[in-house]
Amino acid sequence: MKAVFYVLPLIALAAAAAISPEDLKVATTQVERISLLKDDSDFVFSFADASKPPEVVGAGGSTKHAARDNFPALVGTGMAMTVGFLGPCSINTPHTHPRATEFNLVMNGTLHAGFLAENGARFIANEVPALSATVFPQGAIHFEANLGCEPAVFIAAFNDEDPGVLQIAQRFFGLPANVVGASLGGLGVQEVAHLASLIPDNIALGVDECLAKCGMPKGQLQPTKQQQQPAAALL
Ligand SMILES: *[C@@H]1O[C@H](CO)[C@@H](O)[C@H](O)[C@H]1NC(C)=O
(Lines give C-alpha, C1' and ligand atoms only; values in the text may rest on other atoms or scores of the structure.)
Protein backbone atom coordinates (compact mmCIF):
# COMPACT_ATOMS: atom_id res chain seq x y z
CA MET A 1 0.00 0.00 0.00
CA LYS A 2 2.80 2.34 1.00
CA ALA A 3 4.75 1.44 -2.12
CA VAL A 4 1.81 2.38 -4.34
CA PHE A 5 1.50 5.65 -2.43
CA TYR A 6 5.09 6.60 -3.36
CA VAL A 7 5.29 5.04 -6.83
CA LEU A 8 2.18 6.65 -8.33
CA PRO A 9 3.42 10.25 -7.97
CA LEU A 10 6.80 9.11 -9.36
CA ILE A 11 5.12 7.69 -12.45
CA ALA A 12 3.18 10.92 -12.83
CA LEU A 13 6.38 12.97 -12.51
CA ALA A 14 8.21 10.81 -15.04
CA ALA A 15 5.31 11.19 -17.45
CA ALA A 16 5.32 14.97 -16.97
CA ALA A 17 9.08 15.17 -17.52
CA ALA A 18 8.72 13.27 -20.80
CA ILE A 19 6.26 15.84 -22.13
CA SER A 20 7.78 18.69 -24.13
CA PRO A 21 6.31 22.22 -24.02
CA GLU A 22 4.75 21.51 -27.41
CA ASP A 23 2.61 18.91 -25.68
CA LEU A 24 1.10 21.54 -23.41
CA LYS A 25 -2.00 21.69 -25.53
CA VAL A 26 -2.68 17.99 -25.08
CA ALA A 27 -1.70 17.77 -21.40
CA THR A 28 -4.47 16.02 -19.50
CA THR A 29 -4.51 18.09 -16.35
CA GLN A 30 -3.91 21.67 -15.29
CA VAL A 31 -1.28 20.42 -12.82
CA GLU A 32 0.62 18.96 -15.77
CA ARG A 33 0.26 22.21 -17.73
CA ILE A 34 1.49 24.35 -14.84
CA SER A 35 4.56 22.14 -14.44
CA LEU A 36 5.27 22.44 -18.18
CA LEU A 37 5.21 26.24 -17.93
CA LYS A 38 8.57 26.40 -16.16
CA ASP A 39 8.90 30.14 -15.53
CA ASP A 40 6.43 32.12 -13.47
CA SER A 41 6.70 34.77 -16.20
CA ASP A 42 5.13 32.26 -18.63
CA PHE A 43 1.89 33.44 -17.00
CA VAL A 44 2.36 37.08 -18.06
CA PHE A 45 1.55 38.41 -21.54
CA SER A 46 2.71 41.88 -22.55
CA PHE A 47 0.55 43.72 -25.05
CA ALA A 48 3.22 46.46 -25.01
CA ASP A 49 6.01 44.15 -26.22
CA ALA A 50 7.16 45.73 -29.50
CA SER A 51 8.77 42.45 -30.61
CA LYS A 52 5.27 40.99 -30.91
CA PRO A 53 3.70 43.02 -33.74
CA PRO A 54 -0.09 43.38 -33.86
CA GLU A 55 -1.75 40.59 -35.86
CA VAL A 56 -4.33 42.83 -37.50
CA VAL A 57 -3.19 46.11 -39.06
CA GLY A 58 -5.07 48.46 -41.34
CA ALA A 59 -4.97 52.15 -42.22
CA GLY A 60 -7.14 52.95 -39.18
CA GLY A 61 -5.37 51.05 -36.43
CA SER A 62 -4.47 47.59 -35.19
CA THR A 63 -5.32 44.81 -32.77
CA LYS A 64 -3.14 42.48 -30.72
CA HIS A 65 -4.44 39.26 -29.22
CA ALA A 66 -3.49 36.85 -26.49
CA ALA A 67 -5.01 33.44 -27.15
CA ARG A 68 -3.90 29.84 -26.89
CA ASP A 69 -1.82 30.14 -30.09
CA ASN A 70 0.53 32.78 -28.68
CA PHE A 71 0.02 32.58 -24.89
CA PRO A 72 0.18 28.93 -23.80
CA ALA A 73 -0.80 29.76 -20.20
CA LEU A 74 -4.35 30.20 -21.52
CA VAL A 75 -4.63 26.54 -22.48
CA GLY A 76 -7.32 25.02 -20.27
CA THR A 77 -8.60 28.38 -18.98
CA GLY A 78 -11.33 29.08 -21.54
CA MET A 79 -10.26 32.73 -21.88
CA ALA A 80 -8.57 35.03 -24.39
CA MET A 81 -8.08 38.78 -24.82
CA THR A 82 -7.58 41.36 -27.55
CA VAL A 83 -6.42 44.95 -27.25
CA GLY A 84 -7.61 47.28 -29.99
CA PHE A 85 -5.82 50.47 -30.98
CA LEU A 86 -8.33 52.52 -32.95
CA GLY A 87 -6.95 55.64 -34.61
CA PRO A 88 -9.10 58.74 -35.22
CA CYS A 89 -12.14 57.93 -37.41
CA SER A 90 -11.47 54.22 -37.58
CA ILE A 91 -13.64 51.16 -37.46
CA ASN A 92 -13.07 47.59 -36.42
CA THR A 93 -15.10 46.41 -39.39
CA PRO A 94 -18.13 44.11 -38.95
CA HIS A 95 -17.11 40.62 -37.86
CA THR A 96 -18.14 37.70 -35.70
CA HIS A 97 -16.32 35.47 -33.21
CA PRO A 98 -17.41 31.91 -33.98
CA ARG A 99 -16.60 30.47 -30.55
CA ALA A 100 -16.86 33.28 -28.01
CA THR A 101 -18.88 36.07 -26.53
CA GLU A 102 -16.90 39.32 -26.30
CA PHE A 103 -16.93 41.68 -23.30
CA ASN A 104 -15.43 44.90 -24.64
CA LEU A 105 -14.12 47.52 -22.19
CA VAL A 106 -13.36 50.97 -23.60
CA MET A 107 -10.16 52.28 -21.99
CA ASN A 108 -10.23 55.81 -23.36
CA GLY A 109 -12.07 57.83 -25.94
CA THR A 110 -15.66 56.83 -26.76
CA LEU A 111 -16.58 53.98 -29.07
CA HIS A 112 -19.74 53.51 -31.11
CA ALA A 113 -20.55 49.83 -30.96
CA GLY A 114 -23.26 47.87 -32.69
CA PHE A 115 -24.32 44.27 -33.09
CA LEU A 116 -26.85 42.06 -34.80
CA ALA A 117 -27.18 38.77 -32.95
CA GLU A 118 -29.27 36.74 -35.40
CA ASN A 119 -32.17 36.80 -37.87
CA GLY A 120 -35.16 38.44 -36.20
CA ALA A 121 -33.19 40.24 -33.48
CA ARG A 122 -33.09 44.04 -33.61
CA PHE A 123 -29.87 45.97 -34.23
CA ILE A 124 -28.33 47.15 -30.95
CA ALA A 125 -26.29 50.37 -31.06
CA ASN A 126 -24.49 52.12 -28.20
CA GLU A 127 -22.09 54.91 -27.50
CA VAL A 128 -19.65 53.41 -25.02
CA PRO A 129 -17.57 55.91 -23.04
CA ALA A 130 -14.25 55.29 -21.29
CA LEU A 131 -14.46 52.69 -18.52
CA SER A 132 -17.78 51.34 -19.77
CA ALA A 133 -18.00 47.91 -21.34
CA THR A 134 -20.39 46.33 -23.82
CA VAL A 135 -21.08 42.71 -24.65
CA PHE A 136 -21.33 41.07 -28.08
CA PRO A 137 -23.02 37.66 -27.89
CA GLN A 138 -21.16 34.73 -29.46
CA GLY A 139 -21.59 34.73 -33.22
CA ALA A 140 -23.16 38.22 -33.41
CA ILE A 141 -22.10 40.51 -36.28
CA HIS A 142 -20.53 43.48 -34.51
CA PHE A 143 -18.25 46.48 -34.93
CA GLU A 144 -16.62 49.22 -32.87
CA ALA A 145 -16.03 52.65 -34.39
CA ASN A 146 -13.91 55.45 -32.97
CA LEU A 147 -15.72 58.54 -34.22
CA GLY A 148 -13.42 60.87 -32.32
CA CYS A 149 -10.39 62.77 -33.60
CA GLU A 150 -8.09 61.17 -30.98
CA PRO A 151 -6.92 57.55 -30.85
CA ALA A 152 -8.90 55.22 -28.56
CA VAL A 153 -8.05 51.91 -26.92
CA PHE A 154 -10.31 48.96 -26.01
CA ILE A 155 -9.73 45.68 -24.21
CA ALA A 156 -11.85 42.72 -25.22
CA ALA A 157 -12.17 39.57 -23.13
CA PHE A 158 -13.42 36.32 -24.68
CA ASN A 159 -14.82 33.18 -23.08
CA ASP A 160 -12.81 30.85 -25.31
CA GLU A 161 -9.07 30.27 -25.67
CA ASP A 162 -9.43 30.37 -29.45
CA PRO A 163 -12.37 32.72 -30.10
CA GLY A 164 -11.64 33.01 -33.81
CA VAL A 165 -12.74 35.90 -35.98
CA LEU A 166 -14.66 36.06 -39.24
CA GLN A 167 -14.74 39.40 -41.09
CA ILE A 168 -18.07 39.80 -42.86
CA ALA A 169 -17.14 41.76 -46.01
CA GLN A 170 -13.66 40.27 -46.44
CA ARG A 171 -15.04 36.72 -46.24
CA PHE A 172 -18.42 37.19 -47.99
CA PHE A 173 -16.70 38.38 -51.15
CA GLY A 174 -14.51 35.27 -51.09
CA LEU A 175 -17.56 33.15 -51.95
CA PRO A 176 -18.12 32.34 -55.64
CA ALA A 177 -18.77 35.67 -57.40
CA ASN A 178 -22.03 34.47 -58.93
CA VAL A 179 -23.27 33.32 -55.51
CA VAL A 180 -22.43 36.74 -54.10
CA GLY A 181 -24.09 38.37 -57.14
CA ALA A 182 -27.25 36.27 -56.71
CA SER A 183 -27.49 37.05 -53.01
CA LEU A 184 -27.18 40.77 -53.81
CA GLY A 185 -30.19 40.62 -56.11
CA GLY A 186 -28.52 39.73 -59.39
CA LEU A 187 -25.30 41.74 -59.56
CA GLY A 188 -22.99 40.66 -62.35
CA VAL A 189 -19.64 39.03 -61.71
CA GLN A 190 -17.80 42.20 -62.83
CA GLU A 191 -19.76 44.37 -60.40
CA VAL A 192 -19.08 41.88 -57.61
CA ALA A 193 -15.35 41.86 -58.45
CA HIS A 194 -15.32 45.66 -58.37
CA LEU A 195 -17.00 45.77 -54.94
CA ALA A 196 -14.63 43.08 -53.66
CA SER A 197 -11.60 45.06 -54.80
CA LEU A 198 -12.65 48.01 -52.60
CA ILE A 199 -12.71 46.13 -49.27
CA PRO A 200 -10.07 47.67 -47.00
CA ASP A 201 -8.02 45.85 -44.41
CA ASN A 202 -9.17 45.98 -40.83
CA ILE A 203 -8.81 48.29 -38.89
CA ALA A 204 -10.30 50.52 -41.62
CA LEU A 205 -10.80 54.25 -41.92
CA GLY A 206 -14.27 55.71 -41.68
CA VAL A 207 -16.92 56.84 -41.43
CA ASP A 208 -17.01 59.71 -43.95
CA GLU A 209 -18.83 62.05 -41.52
CA CYS A 210 -16.03 61.57 -39.00
CA LEU A 211 -13.28 62.12 -41.57
CA ALA A 212 -14.95 65.42 -42.54
CA LYS A 213 -15.29 66.47 -38.88
CA CYS A 214 -11.63 65.72 -38.09
CA GLY A 215 -10.30 67.24 -41.31
CA MET A 216 -8.98 63.91 -42.57
CA PRO A 217 -8.86 63.15 -46.31
CA LYS A 218 -11.74 61.03 -47.62
CA GLY A 219 -11.19 58.07 -49.93
CA GLN A 220 -7.58 57.46 -48.82
CA LEU A 221 -5.93 54.46 -50.38
CA GLN A 222 -6.08 51.66 -47.80
CA PRO A 223 -4.30 48.30 -47.87
CA THR A 224 -6.43 45.40 -49.15
CA LYS A 225 -4.33 42.35 -48.22
CA GLN A 226 -7.02 40.78 -46.03
CA GLN A 227 -9.40 40.18 -48.92
CA GLN A 228 -10.15 36.53 -49.58
CA GLN A 229 -9.35 35.13 -53.03
CA PRO A 230 -12.77 34.55 -54.64
CA ALA A 231 -13.72 30.90 -55.04
CA ALA A 232 -14.52 29.58 -58.52
CA ALA A 233 -17.94 30.55 -59.85
CA LEU A 234 -20.73 27.96 -59.78
CA LEU A 235 -21.55 26.42 -63.20
C1 LIG B 1 -5.89 56.99 -25.38
O2 LIG B 1 -4.64 56.41 -25.03
C3 LIG B 1 -3.71 56.42 -26.10
C4 LIG B 1 -2.51 55.61 -25.65
O5 LIG B 1 -2.04 56.08 -24.43
C6 LIG B 1 -3.38 57.83 -26.50
O7 LIG B 1 -2.49 57.83 -27.59
C8 LIG B 1 -4.67 58.53 -26.91
O9 LIG B 1 -4.44 59.88 -27.21
C10 LIG B 1 -5.71 58.43 -25.81
N11 LIG B 1 -6.99 58.93 -26.32
C12 LIG B 1 -7.79 59.71 -25.63
C13 LIG B 1 -9.07 60.08 -26.29
O14 LIG B 1 -7.52 60.13 -24.51
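All values reported here derive from a predicted model rather than from experimental measurement.

Attention now goes to the overall build of the protein chain. When its secondary structure is counted, the protein chain shows 6 helices and 12 strands. In terms of overall dimensions, the protein chain is more spread out than a globule: its C-alpha atoms have a radius of gyration of 22 Å, far above the 18 Å expected for 235 residues. Along the first, second and third principal axes, the C-alpha atoms of the protein chain reach 75 × 50 × 40 Å. Residue burial in the protein chain is summarised as follows: out of 235 residues, 34% are buried. Within the protein chain, residue pairs in contact and separated by at least 24 positions form 71% of the contacts whose partners lie at least 6 positions apart. Element-wise, carbon and sulfur atoms account for 65% of the exposed surface of the protein chain, whose accessible area totals about 13400 Å². Of the charged side chains in the protein chain, 13 are positive and 21 negative; the average position of the first set lies 3 Å away from that of the second.

Moving on, we get to the sheet that holds strand β1 (residues 56–58). Pairing is antiparallel in the open sheet, where 6 strands are placed in the order β1-β2-β3-β10-β5-β8. Each edge of the open sheet is held by one strand with a lone partner, namely β1 and β8 (133–136). The sheet shows a mean angle of 15° between the axes of neighbouring strands, taken without regard to direction. Taken together, the 6 bridges between strand β5 (residues 102–108) and strand β10 (residues 152–158) define a ladder with antiparallel strand orientation. Considered in β10, the bridge of E102 is made with F158.

The next subject is unusual backbone geometry. A cis amide bond links N202 to the next residue, I203, at an omega of 0°. The residue I203 is located in the loop between α5 (189–198) and β12 (204–205) in this model. The step from G206 to V207 runs through a cis peptide bond, and the omega angle for that step is 0°. Positionally, V207 belongs in the loop between β12 and α6 (208–213). At C89, a residue that is not glycine, the phi angle is positive and equals roughly 50°. With respect to the element layout, C89 can be found in the loop between β3 (80–86) and β4 (90–96).

The next subject is the packing of aromatic side chains. Across all of its chains, the model carries 5 aromatic pairs by this definition. For the ring pair F172 and F173, a centre distance of 5.3 Å and an interplane angle of 85° mean the geometry is edge-to-face. A residue is classified by how much of its surface remains accessible, and F173, at 13% relative accessible area, is buried. Among the aromatic residues, those joined into a ring-pair cluster are F45, F47 and F71. When the ring centre of F45 is taken as origin, the NZ or CZ atom of K52, which lies over that ring, is 4.4 Å away.

A word on the pattern of salt bridges. Two side chains bearing opposite charge may form a pair once their charged atoms approach each other closely. Taken as a whole and judged by the stated rule, the model has 5 salt bridges. As a salt-bridge pair, D208 and K218 come within 3.4 Å of each other at their nearest N and O atoms. Of this pair, D208 sits in helix α6 while K218 sits in the segment after α6, and the two are 10 residues apart along the sequence. By relative accessible area, which is 40% here, D208 ends up partly exposed.

Criteria and thresholds
- Residues numbered from 1 in each chain as written.
- Predicted model: local features only at pLDDT ≥ 70, side-chain atom pairs only at ≥ 80, totals over all residues.
- Heavy atoms only, no water.
- Helix = DSSP H or I, 4+ residues; strand = E, 2+ residues; numbered from the N terminus.
- Rg over C-alpha atoms; globule rule 2.2 N^0.38 Å.
- Buried < 20%, exposed > 50% of the residue type's maximum accessible area, 1.4 Å probe, protein only.
- Contact = heavy atoms within 4.5 Å.
- Areas by Shrake-Rupley, 256 points an atom, 1.4 Å probe, with all protein chains shown as cover.
- Lys, Arg positive; Asp, Glu negative; His and termini not counted.
- Charge placed at Lys NZ, Arg CZ, Asp CG, Glu CD.
- Pairing = 2+ DSSP bridges.
- Axes fitted to C-alpha atoms, helices over the stretch in contact; angles between N-to-C directions.
- Phe/Tyr/Trp six-rings, centres within 6.5 Å; stacked < 30°, edge-to-face > 60°.
- Lys NZ or Arg CZ within 6 Å of the ring centre and 35° of its normal.
- Salt bridge = Lys/Arg side-chain N within 4 Å of Asp/Glu carboxyl O.

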